[in-house]
Amino acid sequence: MPPVDPNTVRDASDAVNRRHNMTLQLEREPKTMEPALKLRLLPATFTAQPTRIFTSAELNAEIFTYSTGVAALRLTNSRGHLDLLPFQGQQVWRACFDDQDLAMQTMFAEPEPTTEFLATYGGFMLHCGVRAMGNPSPTDTHPPHGELPNFPYTEAYLIAGVDDSGAYVGLTGRAVCRNSFAYGYVVEPELRLYAGATTFHAQLHLSNLRTAPFEYMYLCHINFPARDGIRLLSTAPVDPEHLILHPDLFATVGAARECLAAYHRRLEENIRLSTTLDRAAQVYDPEIVFTMHHLPDKAGRAHTLGLLPEGGAYYVAHRRAELPLALRWIARTGNEEALGMVLPCTAEHHGYNYARERGQLRTLPGGETISMSVEVGYLSAEATAAKCKELGDLLV
């Protein structure tokens, strides 16, 4: 097949209607940061029957719909797959590498077609923000975690190419949000899955269309499954200055409230009690939240690992410059088993007014763009040992 024009944009419907897969030899393309292929995805081409629309060596892409009608894009490599929702927040709904299912336990086996946060909550990774983020206080008017988690994207693209990290297949999209005399911005999520990798790279590009500065908030909500025996390590020191417990008891009452309060008191005495998951000794019903202050490595990246009892680890890395804070969120209700071991963010989780009062709102100058970046996934036992050796004493 001849080289792909970098400026080419094709509709997925073309590939489907011709009844053939798009096969590329991406390894023969010159390395570039821009995708060699950008394929427009159209909702009308998605059906209950999975349809492969892209193949290049070990990298593949299929489109399908869940029984709920939500459109999905499955990206695969030799180590696993990602199930993405291109038109609903560009969520990573499910992720699996080396036979490790990485998404939290939830009441939702499939995504629901809604913009309401809790009415379809259970995806593996969600973008949150950007005009506001977190749980709204009684004085806030924004929805939980803002407009992004289930945002109805009308522009979505399959991308593929080769960059400095190798051959990849991925997803991107674009949404323009405008309100006269108030705000105008573009959000462009982008995700790349590389050949042979068990982690993926995700970004959110935010551009301010107006001349006036734009206040924004952002959080990357990453939900691993909570299991006993997982040991949490990170480049955030385990002390009251770097791992800070939020004293929220939520809507619990009676004995449940006292159990949660008693565990809070134990954590205030010894925060290290939280670093190995143990249902018998801990209380995370409905949830507990910490603020984390990571120390970056020489490249400016913060790292968090969840060491698994059988070997290997959950893994997240993020850049401190754009995401100066992080939250740790753990929920173990029996119906929800979630380990948000690190949620990189620009502000804490109590909503817009809380962030404004504490100086946690970020400002994007007129006409400028910022990119928030994370690396997320699973590390084999060998890769975990190598990562721990690489980080050395920085990892605690």
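Computed from a predicted structure; not experimentally measured. (Residues numbered from 1 in each chain as written. Predicted model: local features only at pLDDT ≥ 70, side-chain atom pairs only at ≥ 80, totals over all residues. Heavy atoms only, no water.)

### Overview of helix α4 (residues 381-391)
Looking at α4, one finds that the buried residues are T384, K387 and L391. All buried residues of α4 project into a common sector of 65 degrees when viewed along the axis, lining one side. Away from its buried face, by an angle of more than 90 degrees, α4 presents the exposed residues E382, K389 and E390. Of the surrounding secondary structure, the elements contacted by the buried residues of α4 are β19 (301-307), β20 (313-319) and β24 (369-379). With its phi angle positive at about 55 degrees, G392 sits one or two positions after the end of α4. (Buried < 20%, exposed > 50% of the residue type's maximum accessible area, 1.4 Å probe, protein only. Helix = DSSP H or I, 4+ residues; strand = E, 2+ residues; numbered from the N terminus. Arc of directions from axis to C-beta. Contact = heavy atoms within 4.5 Å.)

### Considerations on the packing of aromatic side chains
For the coordinates displayed, the defined rule picks out twelve aromatic pairs. For the pair F46 and F87, a centre-to-centre distance of 5.4 Å together with 75 degrees between the ring planes defines the contact as edge-to-face. Of this pair, F46 sits in the loop between β2 (37-40) and β3 (51-56) while F87 sits in the loop between β6 (80-85) and β7 (91-97), and the two are 41 residues apart along the sequence. The same class applies to F46 and to F87, which are both buried. Aromatic pair Y185 and F214: ring centres 5.0 Å apart, planes at 20 degrees, arrangement stacked. With Y185 in strand β12 (residues 183-194) and F214 in strand β14 (residues 214-222), the pair connects residues that are 29 residues apart, well separated along the chain. F214 shares its class with Y185; the two are buried. Pairwise contacts between aromatic rings join F124, F200, F224 and Y314 into one cluster. (Phe/Tyr/Trp six-rings, centres within 6.5 Å; stacked < 30°, edge-to-face > 60°.)

### Comments concerning the nonpolar core
One finds F124, M125, L158, F200, F224 and L339 to be the most contacted residues of the largest nonpolar core, which totals 83 residues. In terms of nonpolar packing, the next biggest core, distinct from the first, is built from 19 residues, M104, C128, L219 and A347 among them. (Core = buried A, V, L, I, M, F, W, Y, C linked by side-chain atoms within 4.5 Å.)

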